[in-house]
Amino acid sequence: MTTYGLIGKNIDYSFSKSYFNTKFHNEAIKAKYINYDIDDIKEIKQIVNNSIELAGLNVTIPYKEKVIPYLDEIDSQAERIGAVNTIKIENKKLIGYNTDVFGFTKSIFSLIAPNHEAALILGTGGAAKAIRHALVSMGYHINLVSRDKEKGDYTYEELTSDIIKNHQLIVNCTPLGTHPDVNQFPPIPFEFIDERHLLYDLIYNPSITNFLAQGKEKGAQIINGEQMLIAQAEKAWEIWNE
Ligand code: SKM
């Protein structure tokens, strides 16, 4: 049976498996989608060699960048971004794409307000790279926030009232708050958040993270990652069937 799957680490929280298997059932598609929970990205070689029926993969945290050396080809947009979340497999040849940009852009489009000029991206991994690419294409000025002083424009400790005020959109691209570690959140100064802000969390399980709950309490508009997950999955499905 044609097989698809998700590569990641500690991915029990993921909705992809149930999303695709429900789709296959409802649309009478003879295929299955399984989780490949791996400790090292080099295991991808074995996975591909051992499954002749594997036709496509999604890739999630922490492998979106690390998977690139294992590909035979990479689509030009994914190459520019430097992160891959979708792989098409044809005769054991691995071709990498990024559908997060499409998913994020589609999910946020109707929420962008005229006062939106700048965005803070929390995190600097593969998801953050895709979000940065999407927001720059939409005309946003971007600053990155990282715990690591070397990686971002600001650390969390450096976020002042002015910085928060000047960034109307704040996107959490870190895994902080993902099930089961639901009490975690990126430590931005929530006291400076108000109703002019839009807080976007790429996390969809739980549906309301601590990050979003604290933003909502301050009057901000909030959105979780569910619509993005669905849109990036449908785009991946399109690529696997092209
Ligand atoms: O880019 C997506 C990935 O394709 C699937 C996923 C998930 O199942 O949680 C999340 C994102 O990283």
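Residues numbered from 1 in each chain as written. Predicted model: local features only at pLDDT ≥ 70, side-chain atom pairs only at ≥ 80, totals over all residues. Heavy atoms only, no water.

1. Concerning the overall build of the protein
Filter applied, for reference: Numbering of helices and strands runs from the N terminus, with a helix taken as a DSSP run of H or I at least four residues long and a strand as a DSSP run of E at least two residues long. When we talk radius of gyration, it's over C-alpha atoms, and the globule rule is simply 2.2 Å times the number of residues to the 0.38. Relative accessibility thresholds used throughout: buried, under 20% of the residue-type maximum; exposed, over 50%; partly exposed, between the two (1.4 Å probe, protein chains only).
What the protein contains, in helices and strands, is eight helices and eleven strands. For 242 residues, the compact-globule formula gives about 18 Å, and the C-alpha radius of gyration of the protein, at 18 Å, lands near that figure. By principal-axis analysis of the C-alpha atoms, the protein measures approximately 55 × 35 × 30 Å. A total of 242 residues make up the protein; the buried ones form 51% of that total.

2. Considering the pattern of salt bridges
The condition is simple: Definition used for salt bridges: Asp or Glu carboxyl oxygen within 4 Å of a side-chain nitrogen of Lys or Arg.
A complete count under the given rule lists eleven salt bridges for this structure. Here Asp162 ties to Lys165 by a salt bridge, and the two come within 3.8 Å at their closest N and O atoms. Within this pair, Asp162 and its partner Lys165 are both found in helix H6 (residues 161-166), separated by three residues, close to a single helical turn. For Asp162, a relative accessible area of 47% gives the class partly exposed. With its nearest N and O atoms 2.5 Å apart, the salt bridge here joins Asp194 to Arg196. On the basis of relative accessibility, which here comes to 48%, the residue Arg196 falls in the partly exposed class. Through salt bridges with shared partners, a single ionic network connects Lys23, Glu27 and Glu234.

3. Things to note about the layout of surface pockets
Put simply, the rule is: Throughout, the protein atoms alone are placed on a 1 Å grid, and a set of points is a cavity if a 1.4 Å probe fits but cannot get out or a pocket if it is open with protein on both sides within 12 Å along at least five of seven lines; lining residues have an atom within 4 Å of a point. Grid points are joined across faces, edges and corners, and a volume is the space filled by probe spheres set on the points. Boundaries of every domain are those given by an automatic assignment or by a domain database.
Taken as a whole, the largest pocket holds about 1200 Å³ of empty space. What lines the largest pocket is a set of 49 residues, among which Ile61, Cys173, Thr174, Pro175 and Leu176 lie closest to the centre. Listing elements by their share of the lining of the largest pocket, those giving two or more residues are strand E3 (54-59), helix H5 (126-137) and helix H8 (226-240). Taken domain by domain, the makeup of the lining of the largest pocket includes at least three residues from each of domain 1 (2-98) and domain 2 (102-227).

4. Topic: the pairing of strand E9 (residues 169-172)
For clarity, the threshold we go by: Being paired, for any two strands, means DSSP has found at least two bridges between them.
Burial of the side chains of E9 extends over both faces: Leu169 and Val171 are buried on one face and Ile170 and Asn172 on the other. In terms of strand pairing, strand E7 (residues 118-122) meets E9 through four bridges, oriented parallel. Pairing of Ile121 across the sheet is with Val171, part of E9. One ladder, built from four bridges, connects E9 with strand E10 (residues 198-201); its direction is parallel. If you follow Val171 over to E10, its bridge partner there is Tyr200.

5. Here's the deal with the sheet that holds strand E5 (residues 86-90)
What the six strands build is an open sheet, ordered E2-E1-E3-E5-E6-E4; its pairing is mixed. With partners counted over all chains shown, the strands left at the sheet margins are strand E2 (31-37) and strand E4 (73-74), one partner each. As judged from the three bridges shared by E3 and E5, these two strands associate in the antiparallel manner. Its bridge partner being in E5, Leu57 is matched across the sheet by Ile87.

6. Comments concerning the domain arrangement of the protein
Put simply, the rule is: Defined in terms of a 1.4 Å probe, buried area is the accessible area two parts forfeit on being brought together, summed over both.
For the protein, the domain assignment lists domain 1 (2-98) and domain 2 (102-227). Spacing between the C-alpha centres of domain 1 and domain 2 amounts to 26 Å. When domain 1 packs against domain 2, the two sides together hide about 1000 Å² of surface, and 63% of this comes from carbon and sulfur. When the buried area of domain 1 at its contact with domain 2 is split by residue, Tyr13, Phe15 and Ile81 rank highest and sum to 49% of it.

7. Describing the site of the ligand
For the record, the criterion: Near is defined per residue: the residue qualifies when any heavy atom it owns lies within 4 Å of the molecule or strand. We define a polar contact as two N or O atoms separated by no more than 3.5 Å, with the added condition that, inside protein, one atom must be a possible hydrogen donor and the other a possible acceptor, whereas residues neighbouring each other in sequence contribute only through side-chain atom pairs. All accessibility values rest on the Shrake-Rupley procedure with a 1.4 Å probe; residue burial counts only the protein chains present in the view. Throughout, a molecule is located in a cavity or pocket provided that more than half of its atoms lie within 2 Å of its grid points.
Neighbouring the ligand are 13 residues, the closest being Ser14, Ser16, Thr60, Asp100 and Tyr204. Within the side chain of Asn85, one N or O atom sits 2.9 Å away from an oxygen atom of the ligand. Take Gln232: an N or O atom from its side chain is 2.9 Å from an oxygen atom of the ligand. Out of a free accessible area of 310 Å², the ligand has 91% covered by protein chains. Judged by its atoms lying within 2 Å of the grid points, the ligand is housed in the largest pocket. Looking at the shell around the ligand, the elements that each hand over two or more residues are E3 and H8.

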